[in-house]
Amino acid sequence: MALAATALAAAGALAGLTHWRAGVQEARAEASHPPLGQLLDVDGVQVHAHVAGNGPDLVLIHGSSGNLRDFSYGMHALLADRYRVISFDRPGLGYSDPITPHGDSLDQQATVLAAAARMLGATRPIVMGQSLGGAVALAWALNHPDQIAALVPVSAVSHPWTTGLGAYYSTLSSWPGRHMLIPALTAFTPDKVIEDQIAAIFAPDAPPPGYAAHFGPRLTLRRASMRANALQRRHLLRWISAQAPRYGEIDIPTEILHATGDTAVGYRIHAEPLSRAIPDANLTAINSASHMPHHSHPGEVAAAIDRAATRAGLH
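Residues numbered from 1 in each chain as written. Predicted model: local features only at pLDDT ≥ 70, side-chain atom pairs only at ≥ 80, totals over all residues. Heavy atoms only, no water.

**Let's talk about unusual backbone geometry**
- For the peptide bond that leads from Ala 203 to Pro 204, omega is 5°, which places it in the cis range.
- Phi is positive for Ser 65, close to 60°, though the residue is something other than glycine.
- With respect to the helices, strands and loops of the structure, Ser 65 is situated in the loop between β3 (57–61) and α2 (69–72).
- What makes Ser 65 partly exposed here is its relative accessible area of 23%.
- In this model, Ser 155 sits at a positive phi of 50°, which is unusual for a non-glycine residue.
- Following the sequence through the fold, Ser 155 ends up in the loop between β6 (150–154) and α6 (167–172). (Helix = DSSP H or I, 4+ residues; strand = E, 2+ residues; numbered from the N terminus. Buried < 20%, exposed > 50% of the residue type's maximum accessible area, 1.4 Å probe, protein only.)

In structure tokens:
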């Protein structure tokens, strides 16, 4: 009996230490990387938006585990001379609230971001989404076709795949993972592990100089952000499977850009069938393995956006 009581006390002390340390790490991340833009109230959901430049409205939507700093590193400066560039933290990430505690669907995310864009005066923007953000951009085009002028999916998740969720997100999105493993990761993940993960995302290219310092990866390691991200990843295949058969409904100018050697989101699984499914879509293939072409090939991404704007009569 005494041994059990001691074990329970030790477990409670460890849990308390873990959550205290997690809180310290979260406070440091928010102090070093505060919001860059404005915090909008969209029907009770906080949405973080950053606006730069002048011209036709252009919305940028980041991928999994990201935040809008992924675009403010370089894309804002590249585009703000000819567009009003609006970047959002997707729901649950950065400084945007999750919409539900169960995982925000692609349509829920698109609906909230479209409403946030309208609040900023962008009623029919060009929408560019990268990776999982590309899936949200596709949902925007499908479910809010009167609120989008052109579509630019970059390295976009668009079609069902067969490799499953994987052990990491299967564990992280489970109840024990959300309530026990995630606080431990928030509290104790060392910098070297973060550096290695960023390197893996950019591989085979190197991360741009100063990217991690600008991006603030420990924002993603906050407990609420990790839970939201894990649940989005857990349900993504189901959402994509429901969405993919509808791509023929999209009738706005669409410029798809994807690296042929992308191992995170396969070119043949996603980009090729997407280009066939959307009427009159243009596909630009990059002879590279980059999953992050807005960093490795920013000029080609900007050119795709310019083509979409021209096709939509905005330039």
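Alright, that's what it looks like, and here's the rest.
**Considering the layout of surface pockets**
- Empty space within the largest pocket amounts to approximately 1400 Å³.
- Taken together, 49 residues make up the lining of the largest pocket; nearest its centre are Ser 64, Ser 65, Tyr 169, Ile 201 and Arg 233.
- Put simply, the parts of the chain that give the lining of the largest pocket at least two residues each are α6, α8 (191–202), α9 (211–215), α10 (217–220), α11 (223–243) and α12 (267–277).
- Looking at side-chain class alone, the lining of the largest pocket contains 28 nonpolar, 17 polar and four charged residues.
- A volume near 250 Å³ is recorded for the second largest pocket.
- Taken together, 15 residues make up the lining of the second largest pocket; nearest its centre are Asp 191, Ile 194, Ala 212, Pro 217 and Arg 218.
- Within the residue set of the lining of the second largest pocket, elements represented by two or more residues are α1 (2–32), α8, α9 and α10.
- The class makeup of the residues in the lining of the second largest pocket is seven nonpolar, four polar and four charged. (1 Å grid on protein atoms, 1.4 Å probe; cavity = no way out; pocket = protein on both sides within 12 Å on 5 of 7 lines; lining within 4 Å. Points joined across faces, edges and corners; volume = space filled by probe spheres on them. Nonpolar A, V, L, I, M, F, W, Y, C, P; charged D, E, K, R; others polar.)

**Things to note about the packing of aromatic side chains**
- Under the counting rule described, the total for this entry stands at four aromatic pairs.
- Considering the side-chain rings of Phe 202 and Tyr 211, the 5.0 Å spacing of their centres and the 75° angle between planes classify their relative orientation as edge-to-face.
- The class for Phe 202 is buried, based on a relative accessible area of 4%.
- Plain terms: the ring middles of Tyr 211 and Phe 215 are 5.4 Å apart, the flat faces sit at 10° to each other, and that makes the pair stacked. (Phe/Tyr/Trp six-rings, centres within 6.5 Å; stacked < 30°, edge-to-face > 60°.)

**Examining the pairing of strand β2 (residues 45–52)**
- The element β2 is extensively covered by neighbouring structure, given that six of its eight residues are classed as buried.
- Note that strand β1 (residues 38–42) and β2 share five bridges and pair antiparallel. In the strand pairing of β2, Gln 38 is matched with Ala 49.
- As consecutive antiparallel partners, β1 and β2 are separated by two residues, and within that stretch Asp 43 has a phi angle of approximately 50°, a positive value. (Pairing = 2+ DSSP bridges.)

**Examining the environment of Pro 204**
- Locating Pro 204 in the fold gives a position in the loop between α8 and α9.
- Distance from Pro 204 to Gly 261, taken between C-alpha atoms, is 10.0 Å for residues 57 residues apart in sequence.
- Discounting chain neighbours no more than four positions away, the residues touching Pro 204 are Ala 289 and Ser 290. (Contact = heavy atoms within 4.5 Å.)

**Looking at the packing of helix α7 (residues 175–188) against α11**
- The contact between α7 and α11 brings their axes to 9 Å, and the two run at 125°. Classed by the angle they form, the pair α7 and α11 counts as oblique. Crossing of α7 against α11: the hand is right-handed. The residues of α11 that touch α7, namely those facing Arg 178, His 179, Ile 182, Pro 183, Leu 185 and Thr 186, are Arg 223, Met 226, Arg 227 and Leu 231. (Axes fitted to C-alpha atoms, helices over the stretch in contact; angles between N-to-C directions. Parallel < 35°, antiparallel > 145°, perpendicular 65-115°, else oblique. Left-handed = near helix turned anticlockwise from the far one by under 90°.)

**Notes on the packing of helix α4 (residues 106–119) against helix α5 (residues 132–143)**
- Contact geometry for α4 and α5: axes closest at 8 Å, N-to-C directions at 75°. With respect to each other, α4 and α5 are oriented roughly perpendicular. Between α4 and α5, the residues in contact are Leu 106, Asp 107, Gln 109, Ala 110, Leu 113, Ala 114 and Ala 117 and Leu 132, Ala 135, Val 136, Ala 139, Trp 140 and Asn 143, respectively.
- By residue class, the composition of the contact of α4 with α5 is 10 nonpolar, two polar and one charged.

Honestly, that's just the spatial picture; any functional story needs more than this.
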